[in-house]
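Listed below are the residues making up each chain.
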Amino acid sequence: MSRNAKINTLLLLVVAALAVLPLVLGLGDHKEEPFTGADGEAEAAITEIAPDYEPWFSPLYEPPSGEIESALFSLQAALGAGVLAYYFGLRRGRRQGEARALAAKEPLVTTGDE
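Along each chain, residue indices are assigned from 1 in the same order as the chain's sequence is written. Local features in this predicted model are restricted to residues whose pLDDT is 70 or higher, and side-chain atom pairs enter the listing and the counts only when it is 80 or higher, whereas totals over whole chains, interfaces and linings include all residues. For side-chain calculations, the full set of non-hydrogen atoms in the structure is used, while hydrogens and water are omitted.

### Digging into the overall build of the chain
Inference 1: Helix and strand counts for the chain stand at 3 helices and 0 strands.
Inference 2: What counts as a helix is a DSSP run of H or I of at least four residues, what counts as a strand is a run of E of at least two, and both are numbered from the N terminus. Counting helices and strands in the order they occur from the N terminus, the chain gives α-α-α.

Structure (structure tokens):
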């Protein structure tokens, strides 16, 4: 197994552990909604500390339901993943193209034994 394959396998295992361990260990079982976002947690903490707090801004668009909000969030994540995949693919393609161009320019080395 090559060094890159070992690193990729290790990273995959770490990501899987980060996804599964909170569920296995029961983190958040004491909460009504255990896996709410950071915005909800922050809002609850601020309301607890200062009940009369008024936010400075309001959202530009408030989705009519939680399902639509989740769908929009998923769409945003998919678009971001697509942009990142395009960028890294473009970089790899350029690197491979440069390597091929250099290989094509280099003269063949002979040993003189022929």
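### Some thoughts on a negative patch on the surface
Inference 1: On the surface, a cluster of negative charge is contributed by Asp39, Glu43, Glu62 and Glu69.
Inference 2: Mapping Glu43 onto the fold places it in helix H2 (residues 38-49).
Inference 3: Per-residue accessibility, obtained with a 1.4 Å probe over protein chains only, is compared with the maximum for each type, and a residue is labelled buried under 20%, exposed over 50%, and partly exposed between these values. With relative accessibility at 55%, the residue Glu43 sits in the exposed group. Candidate patch residues must exceed 30% relative accessible area and have no salt bridge, after which like charges are joined if within 9 Å and Val, Leu, Ile, Met, Phe, Trp or Tyr side chains if within 5 Å. All accessible-area figures derive from a Shrake-Rupley calculation using a 1.4 Å probe, and residue coverage is judged against the displayed protein chains alone. Between Lys or Arg on one side and Asp or Glu on the other, a salt bridge is scored when a side-chain nitrogen of the former is within 4 Å of a carboxyl oxygen of the latter. In summary, the charge assignment counts Lys and Arg as positive and Asp and Glu as negative, without counting His or the chain termini. Lys charges are placed at NZ, Arg charges at CZ, Asp charges at CG and Glu charges at CD.

### Quick word on the packing of aromatic side chains
Inference 1: Pairing of aromatic side chains requires ring centres within 6.5 Å, counting the rings of Phe and Tyr and the six-membered ring of Trp. Pairs whose planes differ by under 30 degrees are stacked, by over 60 edge-to-face, and all others tilted. Within this structure, the stated rule accounts for 1 aromatic pair.
Inference 2: Relative to Phe88, the ring of Tyr87 has its centre 5.3 Å away and its plane inclined at 65 degrees; by these criteria the two rings are edge-to-face.
Inference 3: Given a relative accessible area of 48%, Phe88 falls into the partly exposed group.

### Considering the layout of surface pockets
Inference 1: The way it works is a 1 Å grid over only the protein atoms, where trapped points that fit a 1.4 Å probe form a cavity and open points with protein on both sides within 12 Å along at least five of seven lines form a pocket, and then any residue with an atom within 4 Å of a point lines it. Grid points are joined across faces, edges and corners, and a volume is the space filled by probe spheres set on the points. Empty space within the largest pocket amounts to approximately 290 Å³.
Inference 2: Forming the boundary of the largest pocket are Asp39, Ala42, Glu43, Ile46, Thr47, Ala50, Pro51, Tyr53, Pro55, Phe57, Ser58 and Pro59.
Inference 3: Roughly 200 Å³ of volume is contained in the second largest pocket.
Inference 4: When residue character is reported, Ala, Val, Leu, Ile, Met, Phe, Trp, Tyr, Cys and Pro are called nonpolar, Asp, Glu, Lys and Arg charged, and the others, Gly included, polar. The residue makeup of the lining of the second largest pocket, split by class, is 4 nonpolar, 3 polar and 1 charged.

### Thoughts on a nonpolar patch on the surface
Inference 1: Taken together, the side chains of Leu60, Tyr61, Ile68, Leu72, Leu75 and Leu79 present a nonpolar region at the surface, about 670 Å² in accessible area.
Inference 2: Note that Leu60 resides in the loop between H2 and helix H3 (66-105).
Inference 3: Given the relative accessible area of 91%, Leu60 is considered exposed.

### Here's the deal with helix H1 (residues 3-24)
An α-helical turn contains 3.6 residues, so a residue and the one three or four places further along point in the same direction.
Inference 1: By definition here, a helix of n residues has an expected span of 1.5 Å times n minus one. Between its first and last C-alpha, H1 extends 31 Å over 22 residues, near the 32 Å set by a 1.5 Å rise per residue.
Inference 2: Taken across its 22 residues, H1 has 0 buried, putting it largely on the surface.

### Side note on the confidence of the model for the chain
Inference 1: When the pLDDT values of the chain are averaged, the result is 86; 89% of them are 70 or greater.
Inference 2: pLDDT is a residue-level measure of predictor confidence that goes from 0 to 100. No element of the chain has a lower mean pLDDT than H2, which averages 84, and none a higher one than H3, which averages 93.

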